[in-house]
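Secondary and tertiary structure notes
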Amino acid sequence: MGREIKRVLKIVVLFCVLFIVNILVFVVLSRIGYDIQMTELSYLFPPLFSTSFLLVIDKIKRNKNKN
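Residues numbered from 1 in each chain as written. Predicted model: local features only at pLDDT ≥ 70, side-chain atom pairs only at ≥ 80, totals over all residues. Heavy atoms only, no water.

1. Re the packing of helix H1 (residues 2-31) against helix H2 (residues 40-66)
The following threshold applies: In this analysis an axis means a line fitted to C-alpha atoms, helices contributing only their contacting stretch, and an angle means the value between N-to-C directions, from 0 to 180 degrees. Put simply, DSSP H or I for four residues or longer makes a helix, DSSP E for two residues or longer makes a strand, and each gets a number counted from the N terminus. Crossing handedness is read from the near helix: turned anticlockwise from the far helix by less than a right angle, it gives a left-handed crossing, and turned clockwise, a right-handed one. Residue contacts are defined here by distance: any two heavy atoms, one from each residue, within 4.5 Å place the two residues in contact. The classification used treats Ala, Val, Leu, Ile, Met, Phe, Trp, Tyr, Cys and Pro as nonpolar, Asp, Glu, Lys and Arg as charged, and all other residues, Gly among them, as polar.
Put simply, H1 and H2 touch, their axes get as near as 9 Å, and they point 145 degrees apart. The element H1 and its partner H2 pack so that their crossing is right-handed. Side by side, H1 and H2 meet where Arg7, Ile11, Leu14, Phe15, Leu18, Phe19, Asn22, Ile23 and Phe26 of the first sit next to Ser42, Tyr43, Leu44, Pro46, Pro47, Leu48, Ser50, Thr51, Leu54, Leu55, Asp58 and Arg62 of the second. Taken together, the residues of the contact of H1 with H2 sort by class into 14 nonpolar, four polar and three charged.

See the structure below:
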C-alpha cells in the first residue's frame, strides 16, 4: 500500500512540474514577442500527454524487470 501511495504521489508531482514548466515556457515566449493563445488544450494537454507517455514507459520497464 505504501508503494502505491508513493507512486501516485510521484505521478502527481510529475504532472504539476510539467504543468508549471509549460506555463513558464508560454510566459517566456509571450515576453519575447510571440502571440500565444492560452486555451485549455494548449496548457493542459502537453503535461497530461507527457505524464501518460512516461507512465507507459515505466510500465513497460517494470514488466521487463519482472520477467
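Having put the structure on the table, let's press on.
2. Comments concerning the environment of Ser42
With respect to the helices and strands, the residue Ser42 is situated in helix H2. C-alpha separation for the pair Ser42 and Val13, spaced 29 residues apart in sequence, amounts to 20 Å. Residues contacting Ser42, with those up to four places away along its chain left out, are Asn22, Phe26 and Gln37.

3. Things to note about a nonpolar patch on the surface
Let me state the cut-off plainly: Patch membership requires over 30% relative accessible area and the absence of a salt bridge. Like charges are linked within 9 Å, and nonpolar side chains (Val, Leu, Ile, Met, Phe, Trp, Tyr) within 5 Å. Accessible surface area values rest on a Shrake-Rupley calculation with a 1.4 Å probe, where residue burial reflects the displayed protein chains alone. Basic side-chain nitrogens of Lys or Arg form a salt bridge, by our definition, when they fall within 4 Å of a carboxyl oxygen of Asp or Glu. Buried, partly exposed and exposed residues are distinguished by accessible area as a fraction of the type maximum, computed with a 1.4 Å probe on protein chains only: under 20%, between the cut-offs, and over 50%, respectively.
Taken together, the side chains of Leu14, Leu41, Phe45, Phe49, Phe53, Leu54 and Ile57 define a hydrophobic patch exposed on the protein surface, amounting to about 670 Å² of accessible area. At six residues, H2 tops the list of elements feeding residues into the nonpolar patch. Take Phe49: it is sitting in helix H2. A relative accessible area of 48% places Phe49 in the partly exposed class.

4. Structural notes on the pattern of salt bridges
Tallied over the entire structure, the rule returns two salt bridges. The salt bridge involving Glu4 is made with Arg7; its shortest N-O contact spans 4.0 Å. Pair noted here: Glu4 and Arg7 are both in helix H1, with a separation of three residues, about one helical turn. What makes Glu4 partly exposed here is its relative accessible area of 45%. Take Arg7: its relative accessible area is 26%, and that puts it in the partly exposed class. The residue Arg62 makes a salt bridge to Asp58 at a minimum N-O spacing of 3.0 Å. Placement of the pair is Arg62 and Asp58 together in helix H2, with a separation of four residues, close to one helical turn.

Distances and angles like these do not, on their own, reveal function.
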